[in-house]
Amino acid sequence: MLSFEDFKGQSAHIGQLKADFSSHAFVHAYLLCGPRGTGKRSVARLCAMAALCRGEGDKPCGQCGPCRRILSDTHPDVHTVLPEKSKQTIGVSVLRDVLAEVGVKSFEAAAKALVFPEAERMTPAAQNCLLKTLEEPPQDTVFFLITEQPGALLPTIVSRCRVIRFHPLSQQDCERRLIALGLSAQDARRRAHMAEGCVGQALAIDEERLALMEKVTGDVFSVHRSSDVLSVVNLYKDDKERQKLVMDLLETAVRDIMLEMAGKASMEEGCYAQQARSYARTVPLSGALALAAKITRARMMLASNVSFASAFESVLLKISEEYARWPW
Ligand SMILES: [Zn+2]
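Residues numbered from 1 in each chain as written. Predicted model: local features only at pLDDT ≥ 70, side-chain atom pairs only at ≥ 80, totals over all residues.

Novice: Just to check I follow, could you spell out the overall build of the chain for this structure?
Specialist: Helix and strand counts for the chain stand at 15 helices and 5 strands. Relative to its 328 residues, the chain shows a buried fraction of 37%. Within the chain, contacts between residues separated by at least 24 positions form 71% of all contacts whose residues are at least 6 apart in sequence. (Helix = DSSP H or I, 4+ residues; strand = E, 2+ residues; numbered from the N terminus. Buried ≥ 20, exposed ≤ 12 C-beta atoms within 10 Å, placed from the backbone. Contact = placed C-beta atoms within 7 Å.)

Novice: Hey, could you run me through the packing of helix α12 (residues 240–261) against helix α13 (residues 274–282) in this one?
Specialist: Relative to each other, α12 and α13 sit at 45 degrees, their axes nearing to 9 Å. Considered as vectors, α12 and α13 are oriented oblique to each other. Seen along the crossing, α12 lies across α13 with a hand that is right-handed. Residues Ala253, Ile257, Glu260 and Met261 of α12 touch α13, and the partners they reach there are Ala276, Tyr279 and Ala280. (Axes fitted to C-alpha atoms, helices over the stretch in contact; angles between N-to-C directions. Parallel < 35°, antiparallel > 145°, perpendicular 65-115°, else oblique. Left-handed = near helix turned anticlockwise from the far one by under 90°.)

Novice: What's the story with the domain arrangement of the chain in this structure? I'm lost.
Specialist: It is common to give the size of an interface as the accessible area lost on bringing the parts into contact. Along its sequence, the chain is carved into domain 1 (4–165), domain 2 (170–205) and domain 3 (207–325). Using only C-alpha atoms to locate each centre, domain 1 and domain 2 end up separated by 27 Å. With 6 residues of domain 1 at the interface, the matching set in domain 2 holds 8 residues. For the side of domain 1 that touches domain 2, the residue count by class is 1 nonpolar, 4 polar and 1 charged. (Domains from an automatic or database assignment. Nonpolar A, V, L, I, M, F, W, Y, C, P; charged D, E, K, R; others polar.)

Novice: Whenever I open this one, unusual backbone geometry confuses me. Can you help?
Specialist: With the exception of glycine, most residues fall at negative phi, and the peptide bonds are largely trans. In this structure, the amide linkage connecting Lys59 to the following residue, Pro60, adopts the cis form with an omega of -5 degrees. Residues other than glycine seldom take positive phi values, yet His24 does so here, at roughly 60 degrees. Summarising the element assignment, His24 is placed in the loop between α1 (14–22) and β1 (29–33). You can call His24 partly exposed: it has 13 C-beta atoms within 10 Å.

Listed below in structure tokens is the structure:
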């Protein structure tokens, strides 16, 4: 089982949270914010466990009935608030239902916890409804608002929460954590690198993604002339599910290519195709910078509903231009 100690590097407040929840001295609302995969949800769960644990000694014990029920998401006093099925947002009706339940005496415990894994999904009306509750919070109830985008919450809500910020780990610390979780040294290194120190993200990286990185970089950096562009666009233009991922991967690849050019040896074995390595050797840093800017612009094009084919084509044309300038 994970413990508070596992998250010490990710937030400065972990020790305080452990002490507060173990001694039932928590405040009524916490805002846990930071990038994906930095431990926000796991820490909220540990806090709820520490508050409700009935074990002896260090809390949470992970073994008692309440701890086990929280670990299996079946504790009746720990509610997870999500959008309704088939909806993207948490509307005011969802919130009212949950808050009505909180008003009822707790089933078995001295505290209740409401966890909002994506708090930014609350509509403004739902946020206002929550705000009223936070102004006069029910006794022994704790709200965990979790988000990557604290700016999407009303400032009046944020001001009523104790804000706990989460950060990615350094690459080395991330690697150490992954090895402690049972990964091989090589796998840990590769994943820590791709996830930029976010342990949860590193664990979520699948082999499919790694294989796709190799394929995408192989295809993209084999574009040496403008006449090569169309065939590569055609490989990806109909695969809607992967198009955002392809841009994400390309962005990561170009970042690593630039680091490699700067002598940081960041292109991990098993991630990048040979074509990407030869691009890194052929084109100067200024070329890679121009490519990075092109990818940023392509993302903006996608956000304003330009077709993937056009956005992707502009990136590939840039690569062919650079190859033309710097003979390979
Ligand atoms: Zn316990």
